Amino acid sequence: MSRWLVVTLIAPFASYGERAGNVERGTAERPTRSALIGLAGAALGIRRDDAEGQRQLATSFRVGILTLRTGTLLTDFHTFQSLPSSKGKPRTRGEALAVRGDLATSITRREYRTDVWHEAAYTAESGARWSLEELADAFRRPAYTLFLGRKSCPLSAPLDPVLTEAETGLFDVFTERRRSRPSFAPDRPLFDRRIRSLAAGTVAAERESDLGGSNTPARRHRRIDDPGDRLTWQFAARDEFILPWRHPDEESSP
């Protein structure tokens, strides 16, 4: 028997960057481990410059994700100006803007996902600094503002944290979650139709044994999203195990 804390992640915009770069920064279809751990850290009030707190956070929880709506890919851009190295380092922005003729203008591109819906699950590792109950309370009253990937991607609904137990793993956890109406959901036919439309997706787990509920071999995917040093933005590689998911009630319906 395993215990999991499940939260709902809904947002008009999200971005889960895996490829680092100044010119282009893409987004994955589902949240990275660093994004989910960072979400927990923001809720608990762990600062990015708290190296020990960030280390304990990363080793306290294991995560899984059910992706119900990947959203539509959107690419945005912004421009920035920079000084040649021969001009030295200006002490203030005013000094930099005072330079004439030598400013170089560049364009960077950022990818986003629009209208996303995920269910994220957390389980506590042995010796975790925080319990799942403490994390649930933090998600209900977060210390810092929560967002999905970037500060320009706020959540559009409460996380609605729910503690649950499962015998076989994340398949049972997410199935039970989808059988209940979210506490924030309005009692309206339009919203009910939207919930019913989210009957299929993909489950991703850190361990294949966490999946449970399926005899189908999982697809192994390599990601570079295990948080290391938050200040220098260093991430380690890890394996992720992925299986398609469909609500059993939908499979049995005519």
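Scroll up to find the structure this text is about.
Residues numbered from 1 in each chain as written. Predicted model: local features only at pLDDT ≥ 70, side-chain atom pairs only at ≥ 80, totals over all residues. Heavy atoms only, no water.

Re the overall build of the protein
Helix and strand counts for the protein stand at seven helices and nine strands. The 254 residues of the protein split such that 42% are buried. Considering only residue pairs separated by 6 or more positions, the protein has 79% of its internal contacts joining residues 24 or more positions apart. (Helix = DSSP H or I, 4+ residues; strand = E, 2+ residues; numbered from the N terminus. Buried < 20%, exposed > 50% of the residue type's maximum accessible area, 1.4 Å probe, protein only. Contact = heavy atoms within 4.5 Å.)

Focus: the packing of aromatic side chains
Within this structure, the stated rule accounts for three aromatic pairs. Between the aromatic rings of F61 and Y122, the centroid separation amounts to 6.3 Å while the plane-to-plane angle is 90 degrees, which identifies the pairing as edge-to-face. You can see F61 sitting in strand β3 (residues 61-69) and its partner Y122 sitting in strand β5 (residues 104-124), a full 61 residues away along the chain. Note on F61: relative accessible area 1%, which makes it buried. Overall, the relative accessible area of 0% leaves Y122 in the buried class. Aromatic pair Y122 and F139: ring centres 5.6 Å apart, planes at 50 degrees, arrangement tilted. In this pair, Y122 is assigned in strand β5 and F139 in helix α4 (residues 132-140), connecting sequence segments 17 residues apart. Here a set of aromatic residues connected by ring pairs shows up, and it is made of F61, Y122 and F139. (Phe/Tyr/Trp six-rings, centres within 6.5 Å; stacked < 30°, edge-to-face > 60°.)

Focus: helix α1 (residues 33-44)
Under the 1.5 Å per step criterion, the end-to-end length of α1 is 17 Å for 12 residues, consistent within 8% with the ideal 16 Å. A large share of α1 lies buried, amounting to nine of its 12 residues. Within the sequence span of α1, burial applies to R33, S34, L36, I37, L39, A40, G41, A42 and A43. Following α1 by one or two positions, G45 has its phi on the positive side, about 85 degrees. (Expected span 1.5 Å × (residues − 1).)

Here's the deal with the nonpolar core
L9, F61, Y122, F139, L146, L148 and L159 are the most contacted members of the largest nonpolar core, which has 33 residues in total. When residues in this core are grouped by element, the largest group, six residues, is from α1. If near-sequence neighbours (up to four positions away) are discounted, F139 is found in contact with L5, V7, L39, A40, A43, Y122, L146, L159 and P161. Counting residues in hydrophobic clusters, the runner-up holds 23 residues, among them F174, L198, V203 and A218. (Core = buried A, V, L, I, M, F, W, Y, C linked by side-chain atoms within 4.5 Å.)

Re the environment of V63
Following the sequence through the fold, V63 ends up in strand β3. V63 gets classed as buried once you look at its relative accessible area, which sits at 4%. When near neighbours in sequence (up to four residues on either side) are disregarded, V63 contacts W4, R33, L36, I37, A121, Y122, A205 and E206.

What about unusual backbone geometry?
Its identity is not glycine, yet D115 carries a phi of approximately 55 degrees, on the positive side. Within the secondary structure, D115 sits in strand β5. We note that D160 has phi near 55 degrees; this positive angle belongs to a residue other than glycine. By the element assignment, D160 lies in the loop between α4 and β6 (162-166). When its relative accessible area of 14% is taken as the criterion, D160 is described as buried.

A look at empty space enclosed by the protein
In the structure shown here, the tally under the stated rule is one cavity of 30 Å³ or more. Estimates place the volume of the largest cavity at around 60 Å³. Counting only elements with at least two residues in the lining of the largest cavity, the list comes to α1, β3, β7 (200-205) and β9 (235-246). For the lining of the largest cavity, the leading source of residues is β3, giving three residues. (1 Å grid on protein atoms, 1.4 Å probe; cavity = no way out; pocket = protein on both sides within 12 Å on 5 of 7 lines; lining within 4 Å. Points joined across faces, edges and corners; volume = space filled by probe spheres on them.)

Details of the pairing of strand β1 (residues 2-14)
With five bridges connecting them, β1 and β6 associate as antiparallel partners. Across the sheet, L5 pairs through a bridge with L163, a residue of β6. The sheet contact formed by β1 and β5 spans nine bridges and is antiparallel. Across the sheet, F13 pairs through a bridge with T114, a residue of β5. (Pairing = 2+ DSSP bridges.)

What about helix α5 (residues 170-179)?
Counting buried positions along α5 gives seven out of 10 residues, so the element sits mostly inside the fold. Every buried residue belonging to α5 is among L170, F171, V173, F174, T175, R177 and R178, and all of these are buried.

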